[in-house]
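Given next are the chains, with one letter for each unit.
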Amino acid sequence: MSNMKPIFLFLFVTTMMTCTIHGQSFQHKENQLPDWAFGGFERPKNVNPVISPIENTKFYCPLTKDSIAWESNDTFNPAATLYNGEIVVLYRAEDKSGVGIGHRTSRLGYATSTDGTHFKREKAPVFYPDSDSQKELEWPGGCEDPRVAVTEDGLYVMMYTQWNRHIPRLAVATSRNLKEWTKHGPAFAKAYDGKFFNLGCKSGSILTEVVKGKQLIKKINGKYFMYWGEEHVFAATSDDLINWTPIVNIDGSLKKLFSPRDGYFDSHLTECGPPAIYTPKGIVLLYNGKNHSGRGDKRYTANVYAAGQALFDANDPTRFITRLDEPFFRPMDSFEKSGQYVDGTVFIEGMVYFKNKWYLYYGCADSKVGVAVYDPKRPAKADPLP
């Protein structure tokens, strides 16, 4: 892929603002968004992080046969949705069973909020590895990185990662109340006679649309649609939201919709974020970009995760149109810049439409959960450029 950055005046405009600090003048680059993008997201004052680890909440693990401090090490990478008029955040929580990223056990905690910024948490996880049909695929690594969307009749569909410390698999679970779940196993298990069962895959973003103030799962061309992928962005369709069929090329290989770009903030990974959103201007996919340590954007920290947005054709969700050249959201606060993931992340996974605003929930350096709010009535802007 070419290293040259195309110029789209309608897409991205950078302006300069001058301010004076201690008698010295500094130029501050303002990040302006195109009219199709969501933003800007602002961090509420004196709120973040909204969810942090707790040492004294214990859970009896059915597999270890022991009481576990299940959210004592890290709480991060959340899904978000609405239930009974409240925001529900399902967050990934790690115990202290191992050392290093990927070597502990992850379970999903449950937190509710009436205002989007202050949360009441359940003392036990609501989703976790158990002695069930998915044990072999979920133990000992656990259940990671959920994304949740809901149908018009109230069926919640969660895409999450099963991690047995051998192969990460994108899996499906459903619920009517977000606490009692049915596990359906790997999303691609039946597609193409099981061809992709052992594919390392994660990060499923089901297509949604805001209808009469509610964000609901949407069919397009008669099928449910999902973007997915970590290194590249792929797609899949489904008739029932449980069994998904990846979209492939004529030769049977996975069809890449877009990929990392040398010289940009998303030069290493382009990993799908919250449920994609159908809009009059096209389908918007918010995603996580990882900056490559060697061929990335030198203005950003090597290996840092920042958030981007991509636009697809509203009639053909596989037709990529464009994406932001700069992240609209990046690590700014100390707990976003360093934590379990030392290079910093704002890893976006949950976004919910609540009281005419968008609430974006994200993992902070694989350690805590933060929130940022976008009011469509306010002028669009993004996190400033470095």
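Residues numbered from 1 in each chain as written. Predicted model: local features only at pLDDT ≥ 70, side-chain atom pairs only at ≥ 80, totals over all residues. Heavy atoms only, no water.

*Asks:* I tried to follow the environment of Phe 347 on my own but got confused; where do I start?
*Replies:* Assignment of secondary structure puts Phe 347 in strand E25 (residues 346–354). Remark: the alpha-carbon pair of Phe 347 and Pro 129, spanning 218 residues in sequence, is separated by 23 Å. Excluding anything up to four places from it in sequence, Phe 347 contacts Asn 77, Arg 147, Glu 271, Asn 288, Tyr 305, Tyr 361, Tyr 362 and Gly 363. (Helix = DSSP H or I, 4+ residues; strand = E, 2+ residues; numbered from the N terminus. Contact = heavy atoms within 4.5 Å.)

*Asks:* It is not clear to me how the packing of aromatic side chains should be interpreted in this structure. Could you clarify?
*Replies:* To describe a pair of aromatic rings, one takes the distance between the centres and the angle between the planes. Counted under the stated rule, the structure contains 26 aromatic pairs. Plain terms: the ring middles of Phe 225 and Tyr 227 are 4.9 Å apart, the flat faces sit at 75 degrees to each other, and that makes the pair edge-to-face. Both residues of the pair, Phe 225 and Tyr 227, belong to the buried class. An angle of 25 degrees between the planes, with centres 6.3 Å apart, marks the rings of Phe 265 and Tyr 287 as stacked. Of the two residues, Phe 265 sits in the loop between strand E19 (244–246) and strand E20 (269–272) while Tyr 287 sits in strand E22 (residues 282–290), which places them 22 residues apart along the sequence. A single burial state applies to Phe 265 and to Tyr 287, both of which are buried. The structure contains a cluster of three or more aromatic residues connected by ring pairs, namely Phe 38, Phe 41, Phe 328, Phe 329, Tyr 353, Trp 358, Tyr 362 and Tyr 374. The side chain of Arg 169 reaches across the aromatic face of Phe 197, ending 4.8 Å from its centre. The ring of Tyr 264 carries the charged tip of Arg 261 above its face, separated from the ring centre by 4.0 Å. (Phe/Tyr/Trp six-rings, centres within 6.5 Å; stacked < 30°, edge-to-face > 60°. Buried < 20%, exposed > 50% of the residue type's maximum accessible area, 1.4 Å probe, protein only. Lys NZ or Arg CZ within 6 Å of the ring centre and 35° of its normal.)

*Asks:* Teacher, can you tell me more about the pattern of salt bridges here?
*Replies:* Side-chain pairing between opposite charges can occur once the charged atoms of the two side chains come close. Scanning all chains against the criterion turns up 26 salt bridges. The salt bridge partner of Asp 297 is Arg 299, with a shortest N-O separation of 2.6 Å. Taking relative accessible area as the criterion, Asp 297 reaches 6% and is therefore assigned buried. Taking the relative accessible area as the measure of exposure, Arg 299 reaches 34% and is therefore partly exposed. The salt bridge partner of Arg 299 is Glu 326, with a shortest N-O separation of 2.7 Å. With a gap of 27 residues between them, Arg 299 in the loop between E22 and strand E23 (305–312) and Glu 326 in the loop between strand E24 (320–323) and helix H2 (334–337) connect regions that are remote in the sequence. The network of salt bridges with common partners includes Asp 74, Arg 92, Glu 94, Arg 104, Glu 144 and Asp 145. (Salt bridge = Lys/Arg side-chain N within 4 Å of Asp/Glu carboxyl O.)

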